[in-house]
Amino acid sequence: MQQFKSNRRPNGKSGKVSKVVPAVLAVVMGASGGGFALAAETGATSAAPTVKTAAAPAGFSDVKSGYWAEKHIYKLAAQGIVLGQNGQFKPGDNITRQEAVTMAIRFVGADKELGSIDSAVLPTGLTAGNYFKPYIDLALDKGLLKSGEESDKDGKAWGTQPASREWVTKILVRAIGKEADALASSASTSFADNSDIASGNLGYVSTAVKLGIAQGVENNKFNPAGSVTRAQMATFFSRAESYITPTYAGTTTGIVTGLTANSLTLFANGTSTTYALGAGTVYYTADSDTKSQASALKLYTKVMASGAGQQAAYVETVDAKAQVETITGEFDRITGSDTLWLKTENDYPKYQYDAATVFLDQNGSKIDPKTISSGSRVSLLRETYSGSGAILTVQITSGNVSKTDTGTISAVDTANGTVTFVSSTGLSEQYRLDSGSIIRYQNEILGSADLKPGSKVRYTIENNAVRSIEVTESVERTITASLYQTAADGSTLTYKTASGALEVKLIANGAIVMIDGKTASFKDLIADKTQGDQVELTLNGNGEVTRITVKQREATQLANATISSYDPTIKLLAGTDSSGKPFAFILDANTKLTYNSAAPSLKELETLLVKSQGRGVNLTAVGSRLLSLDLVYKYEGTVEQVNGASMLLSLKLDNGTSVKLPYGTTGTVVQVYGVTNATLNNVKVGDRVVASLYADRVALQSVAVQTTQQFRVTGTTPSANRLSLDQNGTASAPYVDNANIVNAQGQQIGFSGLTVGSMVDVTFNGSDVAKVRLSDSVMGTIQSVDPVSRSVTVLTSAGVTRTYSGATQPLTINQNGTIVSGLSTLSAGQHVQAVVQPNGSTTFTVFQALNKTFWKYDAFTQTVYVKITPGSSEANTFKLSPDAWVHQGTANISVQSLAGDDKIVLYLNNNVVYELAKQ
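Residues numbered from 1 in each chain as written. Predicted model: local features only at pLDDT ≥ 70, side-chain atom pairs only at ≥ 80, totals over all residues. Heavy atoms only, no water.

### Some remarks on the nonpolar core
Point 1. Counting 78 residues, the largest nonpolar core has Ile73, Phe107, Ile136, Leu145, Trp167 and Met233 as its most contacted members.
Point 2. When residues no more than four places from it in sequence are discounted, the contact partners of tryptophan 167 are Arg97, Ala100, Val101, Leu145, Glu150 and Trp158. (Core = buried A, V, L, I, M, F, W, Y, C linked by side-chain atoms within 4.5 Å. Buried < 20%, exposed > 50% of the residue type's maximum accessible area, 1.4 Å probe, protein only. Contact = heavy atoms within 4.5 Å.)

Right, dumping it as structure tokens:
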């Protein structure tokens with residue numbers, strides 16, 4: 001346990017204090033009547049208990065699942081450091097100084113040394129509630145408090161004064177024995193309000209931040225005079241436990257030596273302690289604040305358990321690494337009743353075992369050690385946690401082995417034809433493959449090279465050889481094959497193996513296609529029965545294709561070629577490629593045809609081909625045989641020129657080539673979003689357009705200008721493919737293809753990925769929606785505004801710093817619906833929403849801050865209710881935006897976790913809450 005130096009007061013006591021504590025009320029009200037004790041006292045603490053007696057919480061009704069401090073509250077409650085009242089913890093209540101000291105004494109495990117209330121003597125001018133006096137008396141003795149620093153103030157009792165953040169930090173640093181570091185520290189902190197930290201406390205704050213047990217609040221401030229809530233206090237002390245080694249009643253930290261569905265046995269300091277596990281037990285890991293599961297507990301790992309009456313209330317995995325080692329070798333003999341000998345090339349190492357050692361055969365069944373045959377391969381599991389190196393298990397891994405088991409592949413040696421498994425009992429086993437070994441994954445026969453370490457398998461061994469391996473859960477692997485066929489919707493592909501067998505695979509979402517080292521699309525792949533692309537397919541654990549890499553192709557691809565003639569008699573297509581080089585290819589029944597219809601036949605298309613002199617075409621051919629023909633009926637590109645004299649529209653396509661498309665004096669339909677009766681005069685150089693041709697001639701039939709507008713989502717109707725939008729008060733409900741809705745990173749999310757209130761960038765081809773993309777929008781706090789470089793730096797809700805530059809694109813500010821230009825209205829500390837516009841500019845919506853007291857939340861109407869002075873005309877209801885950022889400090893919380901009387905700050909725009917911060 002942490003040792004403290006004595007810190008006697010001028011009027012203090014000397015000698016040992018009494019260790020008798022009378023029973024007191026579980027809830028002790030302070031002088032102000034504003035708080036309750038951090039934990040209940042139930043009786044004497046003069047003797048170390050033999051049965052675990054820490055409090056075992058069944059759960060607090062006001063600590064919801066997922067609450068940011070849930071782990072720390074339940075951990076300290078299970079250790080007996082904190083308790084609630086009437087099933088509630090009151091996490092948002094501020095803590096007083098006397099409560100903080102009480103918690104600190106229990107935190108360091110010094111409550112066994114408490115004196116009685118009657119024997120406690122406090123310095124003159126240091127007033128506290130009777131219940132807390134023994135704790136404060138002991139804290140002064142231990143040096144947690146120093147009498148010269150503590151006294152009543154302004155007629156108010158010292159004990160009932162709110163504990164400030166800097167004061168709590170000082171007590172915390174002393175509690176973990178780091179006061180010397182604090183006194184030696186002269187470094188300032190990086191907080192914006194560093195100057196507000198008392199000079200005598202600066203070293204303590206700096207040390208606590210360095211150790212990671214104290215953090216700042218929003219706007220890069222420490223807020224030294226700010227109050228501390230019960231949840232924050234529990235979190236401070238929970239994180240600080242790594243710096244002390246106290247012994248809490250009911251708490252054991254040790255190695256898991258026994259584990260069932262209902263119990264956990266820990267070995268620590270030469271003693272085993274068994275805890276019962278039940279529905280009220282919560283599980284965590286040391287490196288995460290998110291709940292874990294009982295199934296995550298593993299034998300021989302380091303775990304901390306706390307609970308009363310040997311019923312575990314809180315279980316935390318401290319170190320997930322198993323404290324064991326495996327020794328494999330050739331068994332020689334057993335002598336006496338406790339010695340096992342192995343045989344090596346030059347020696348006979350011996351190992352001592354005891355009555356607790358378990359001997360197992362290849363199938364994991366217990367055996368008599370005397371039945372092990374000399375020459376058998378064995379695996380010894382030896383513990384490394386007690387210092388004795390006891391042998392836990394001895395298992396035969398080879399001999400004349402025949403069994404079926406489940407496990408994981410740890411190694412594959414294709415050169416020597418062996419596979420090493422980690423069996424269901426955790427032991428390592430190596431077996432040989434032979435010509436009769438069958439390896440299967442789902443309905444596919446695999447080779448030994450397809451086996452990957454980490455794959456979960458079910459395997460059968462016969463006479464020491466692998467008879468079968470069934471991969472039940474695979475890891476990533478690769479296949480080399482010839483591409484035979486691809487689905488039109490990109491959902492599957494069929495490939496031909498080296499043996500000529502055909503296999504079909506699903507394409508995983510987000511699968512990557514690589515051709516010549518560059519990212520390509522699924523439609524760029526060439527599939528053919530005889531001369532398809534030679535590809536390397538990467539498969540995930542579910543057997544889905546996640547990556548397709550073209551290794552070799554024999555086909556010729558011509559993009560933006562031009563037809564000069566077509567002979568339907570011999571089905572010969574002639575023309576020139578984009579460089580003017582002539583070509584001639586033969587079409588057949590297997591040629592894949594693409595045009596402006598679902599599945600055009602060659603007979604249907606021949607009429608167009610005969611009349612298609614000068615029409616663009618995209619071709620894929622092998623030798624003289626045409627594999628695919630894509631007859632161009634529209635072009636997408638950027639306008640280079642609209643020549644009214646020659647009546648030509650010049651476009652630069654995405655591949656860098658240019659085309660000139662003729663149009664007539666009438667008949668060409670022009671569509672521009674928001675423009676009625678548009679003509680070619682509305683088409684400008686630089687516009688991106690979709691230009692469609694007539695079916696029977698190479699001439700412009702229509703031009704759709706591509707524009708992007710920003711809207712706010714007001715509703716979705718997926719069944720009708722309708723998206724309800726609002727733009728500056730104007731409502732619309734365009735038709736949208738579910739596949740064309742993507743997030744800000746371009747990943748497909750569909751209607752389900754949109755929420756009411758979201759900002760979206762809608763791209764139109766004319767009046768038709770081509771794509772809906774979530775706008776690049778963040779909420780956060782302005783860190784700095786640089787008028788010279790015209791830049792604004794924002795700390796986002798995700799904790800990431802992002803800088804917006806107005807050097808190339810303007811920055812505009814929206815204040816309650818009024819748009820203003822210039823940066824003079826922005827300043828550090830303002831809470832904003834930054835939205836990047838389709839043209840690349842950024843609009844900052846500045847929120848109005850209102851400090852309020854929370855009353856309730858109506859989830860049905862998404863309304864926040866706050867308390868107001870009776871008779872006041874101020875508003876007490878505020879609409880919560882669907883994408884509002886709700887948080888406490890840097891931790892995101894749910895609005896449902898707020899409790900009555902919580903202090904909150906509402907950040908509003910047009911009286912709608914876009915950010916809610918719990919204080």
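### Looking at the packing of helix α2 (residues 97-107) against helix α3 (residues 133-142)
Point 1. Where α2 meets α3, the closest approach of the two axes is 9 Å, and the angle between their N-to-C directions is 65°. When the axes of α2 and α3 are compared, the crossing they make is left-handed. Here Gln98, Val101, Thr102, Ile105 and Arg106 of α2 lie close against α3, whose contacting residues are Tyr135, Ile136, Leu138 and Ala139.
Point 2. A breakdown of the residues in the contact of α2 with α3 according to their chemical character gives six nonpolar, two polar and one charged. (Axes fitted to C-alpha atoms, helices over the stretch in contact; angles between N-to-C directions. Helix = DSSP H or I, 4+ residues; strand = E, 2+ residues; numbered from the N terminus. Left-handed = near helix turned anticlockwise from the far one by under 90°. Nonpolar A, V, L, I, M, F, W, Y, C, P; charged D, E, K, R; others polar.)

### Thoughts on the pattern of salt bridges
Point 1. With the rule as written, the count across this model stands at 28 salt bridges.
Point 2. The salt bridge involving glutamate 444 is made with arginine 477; its shortest N-O contact spans 3.2 Å. With glutamate 444 in strand β17 (residues 444-446) and arginine 477 in strand β20 (residues 477-486), the pair connects residues that are 33 residues apart, well separated along the chain.
Point 3. Exposure remark for glutamate 444: the relative accessible area of 7% places this residue in the buried category.
Point 4. For arginine 477, a relative accessible area of 2% gives the class buried.
Point 5. Between arginine 802 and aspartate 776 there is a salt bridge, with the nearest N and O atoms lying 2.4 Å from each other. In this pair, arginine 802 is assigned in strand β45 (residues 801-805) and aspartate 776 in the loop between β42 (768-774) and β43 (777-786), connecting sequence segments 26 residues apart.
Point 6. Salt bridges linked by common partners bring Lys146, Glu149, Lys170, Arg174 and Glu179 together as one network. (Salt bridge = Lys/Arg side-chain N within 4 Å of Asp/Glu carboxyl O.)

### Describing the side chain of asparagine 560
Point 1. Its location among the elements puts asparagine 560 in strand β26 (residues 556-567).
Point 2. Of note is the side chain of asparagine 560, whose polar atom sits 3.3 Å from the side chain of threonine 657.
Point 3. With residues up to four places along the chain from it excluded, the contact list for asparagine 560 reads Ser578, Val617, Asn618, Leu653, Asn655 and Thr657. (Polar contact = N/O pair within 3.5 Å; in protein donor to acceptor, adjacent residues only side chain to side chain.)

### Regarding unusual backbone geometry
Point 1. Of note in the backbone geometry, asparagine 223 takes a positive phi value of approximately 55° without being a glycine.
Point 2. Looking at where asparagine 223 falls in the secondary structure, it is placed in the loop between α6 (202-211) and α7 (230-240).
Point 3. A positive phi angle is found at methionine 647, which is not glycine, with a value near 55°.
Point 4. Classification of methionine 647 by relative accessible area gives partly exposed; the value is 28%.

### What to know about the pairing of strand β6 (residues 311-319)
Point 1. Two strands pair when backbone bridges link them, and strand β4 (residues 282-285) and β6 are joined in this way by four bridges, in the parallel orientation. Within the sheet, the bridge partner assigned to threonine 285 lies in β6 and is threonine 317.
Point 2. Inspection of the sheet shows strand β5 (residues 302-308) paired to β6 by seven bridges, in the antiparallel sense. When the bridges of β6 are listed, alanine 305 appears paired with valine 315.
Point 3. In textbook terms, the turn of a hairpin is the stretch between consecutive antiparallel strands, and for β5 and β6 this stretch comprises two residues, one of which, glycine 309, has a positive phi near 60°. (Pairing = 2+ DSSP bridges.)

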